[in-house]
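Results of the structural survey
What follows is the residue order along each chain.
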Amino acid sequence: MELAYDIVIIGGGHAGCEAARACARLGLRTAMITMNADLIAQMSCNPAIGGIAKGHLVREIDALGGVMGEVTDAVGIQFRLLNTSRGPAVWSPRAQCDKKQYRVRMKEVLEREPNLHIKQAEVAALIIENGRVRGVHLIDGRKILCGAVIITTGTFLNGLAHIGEQRFSCGRNGEPPSQVLAEQVRNLGLGWTRLKTGTPPRLDARTIDWARFEPQFGDPDPVPFSFLTGKIDRPQIQCYLARTTAETARIVRESIARSPLYSGQIEGVGPRYCPSIEDKFVKFPDKESHQIFLEPEGLDTNEIYVNGMSTSMPIDVQAGMIASIPGLDNAEMIRPGYAIEYDAVDARELDHRLEVRKLPGLFLAGQINGTSGYEEAAGQGLIAGINAAQTISGKTPVIIPRNQGYIGIMIDDLITKGTDEPYRMFTSRAEFRLHLRIDNADDRLTPVAEEIGLASAERRSLFARKREQKATLMQALNGSQMGSYLRRPEVNVGKLGSWVAEVLGGPAERGVLMTVETETKYAGYIDQQRRQIERLMGSSLRIIPGDLEFSRIPGISREVSERLTRVRPSTLGQAARIPGVTPAAVAILDIYLSVSR
């Protein structure tokens, strides 16, 4: 049986959901192939969205017309704005979600898209003709022809889970792995690596002595993720803070030889910034205790996520660690923690569109590119979906520069530097983070969504009102004493409520006042960053021809030439970020490009 679609997305995780909806909304007949249609958008690890820098990614996804922020606002059960003791550049929203409702809501959203067709099946192989991907073969014998394929398989490619000495093949949360497709991907001639991630045990809430833990409350006035969400007024749940003890440390240290992480059983490299509990005790031997958070997985379940206790220790050791924490003495484990290692492609095989350079028509997004986290995956999925649609429609690709979004920083980092561990987004990766705030993500990226047709009528209308209100207020502030008053550290724009209402003729849209206050108080710093960006946009954005033979440029060493040839940078700025490419070599390349124009 032969079917035909414009685009096929392999995988129904967070990257696949964003890719599929974007393609469908851009008018292309889209097929999402997933091994279990009931587990689309499954939150296999922490049922939370956002956090430091990750919240920035979700705001940018929303500004571009993505779906993660809207779904999170609909099913979030605790919202917190993090880093508020510091400057607005690093403020970042986080929400604990109802795990089951998140996937239910996401599936509902996807099923409402008339151009999107969800199919439960397993992909056996890519169809490759004349050096280009033309479709996929399914294990059940069906054949699907298409113009582009986006692989978003997460940890499913040759996934192998570890619990102590036990190990078993799986893809996510006990689901079967994708081994047939993994074998073909390995044989495509692409660079690949083996990575690892992990998850903590889940406990039964009814067996926990909650009175012995410190409650962690959500914000009284929750900050939504989506620019389209007016207000979140649902009651919020409490999370709880706990700490490991000296007994926890003793149990871990005495059992470390049984850890697959230290016995050599696990080959994959894990995330440095999200270590397992055994890693914490080994690498920080002088630290007396470590924080853990007890987080409900939903409103209608007893499962508690033990955030901060990711582990692949044997089950008896996990039980001992849990019981060593006061208040968890009698806690019952519903699911043990485990580590999972999986295949990932070297992202330096891709271009900025997330298309494989050696194999046109094939796009990759998510953990297959070496990232860790729902938000990083979703951002890539959205860009891969947009660019697959733009490519087969003969339209201009969408490439987000580093000075325009964290999504652009992530993709540029991956395809320029690659990664030898699961990549996680941090605000410190941004050169101009005061410019890349959560409040102005729509200013930076919604015009892109409007240009390509991914912004809904509601989003376009809201964005226009916000821009008009912001311009009106900024003009009024610049022409009155109110501007000087607002620059005082102790003054916030909320104190100007009646004045704002008078200037606008009514209330401001959500987010407008925050942007106006930030851009007024930090005007000098923001102007300085704008000038720095403008200076860099000169030579750093100079285009490097795709067929340039670096080995023929006089003065560039063979080693540097090989690195440039491997990555194939599209701009001089990207060339400068390649590890091992010296400033002297960049200067020579700059001169060569200037002379050869």
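Here the residue numbering is sequential within each chain, running from 1 through the sequence in written order. Reporting of local features is limited, given that this is a predicted model, to residues whose pLDDT is at least 70; pairs of side-chain atoms are given and counted only at 80 or more, and all residues count toward the totals for whole chains, interfaces and linings. With hydrogens and water excluded, all non-hydrogen atoms of the structure serve as input to the side-chain values.

1. Some details on the pairing of strand β18 (residues 291-296)
Only when DSSP finds a minimum of two bridges between them are two strands counted as paired. Counting from the N terminus, the helices are the DSSP runs of H or I reaching at least four residues and the strands are the DSSP runs of E reaching at least two. Pairing analysis gives four bridges linking strand β17 (residues 239-243) to β18, with the strands arranged antiparallel. Counted as the bridge partner of R243 is Q291 from β18. Sheet topology places β18 next to strand β19 (residues 303-307); four bridges connect them, and they run antiparallel. Counterpart to F293 in the pairing with β19 is N307. The hairpin formed by β18 and β19 contains six residues between the paired strands.

2. A look at the sheet that holds strand β20 (residues 333-335)
Overall, antiparallel pairing links the six strands, which are arranged β16-β17-β18-β19-β15-β20 in an open sheet. With partners counted over all chains shown, the strands left at the sheet margins are β16 (214-216) and β20, one partner each. Between one strand axis and the next, the sheet turns by 35° as a mean value, whatever way the strands run. Both β16 and β17 contribute to a ladder of three bridges, which runs antiparallel. Following the sheet pairing, Q216 is matched in β17 by C239. Lines fitted to C-alpha atoms define the axes, with helix axes restricted to the stretch in contact, and inter-axis angles between N-to-C directions lie between 0 and 180 degrees.

3. What about the packing of aromatic side chains?
Only centres within 6.5 Å qualify two rings of Phe, Tyr or Trp (six-membered ring in Trp) as a pair; their planes then separate them into stacked at under 30 degrees, edge-to-face at over 60, and tilted for everything else. With the rule as written, the count across this model stands at two aromatic pairs. A ring pair is formed by W210 and Y240, whose centres lie 4.7 Å apart and whose planes are at 45°; its orientation type is tilted. Placement of the pair is W210 in the loop between β15 (202-204) and β16 and Y240 in strand β17, with a sequence separation of 30 residues. Categorising residues by exposure relies on relative accessible area from a 1.4 Å probe, with only protein chains included: less than 20% of the type maximum marks a residue as buried, more than 50% marks it as exposed, and the intermediate range marks it as partly exposed. Look at Y240 and you get buried, because its relative accessible area is 17%. A centroid spacing of 6.5 Å and a plane angle of 50° characterise the contact between Y522 and Y525, whose relative ring orientation is tilted.

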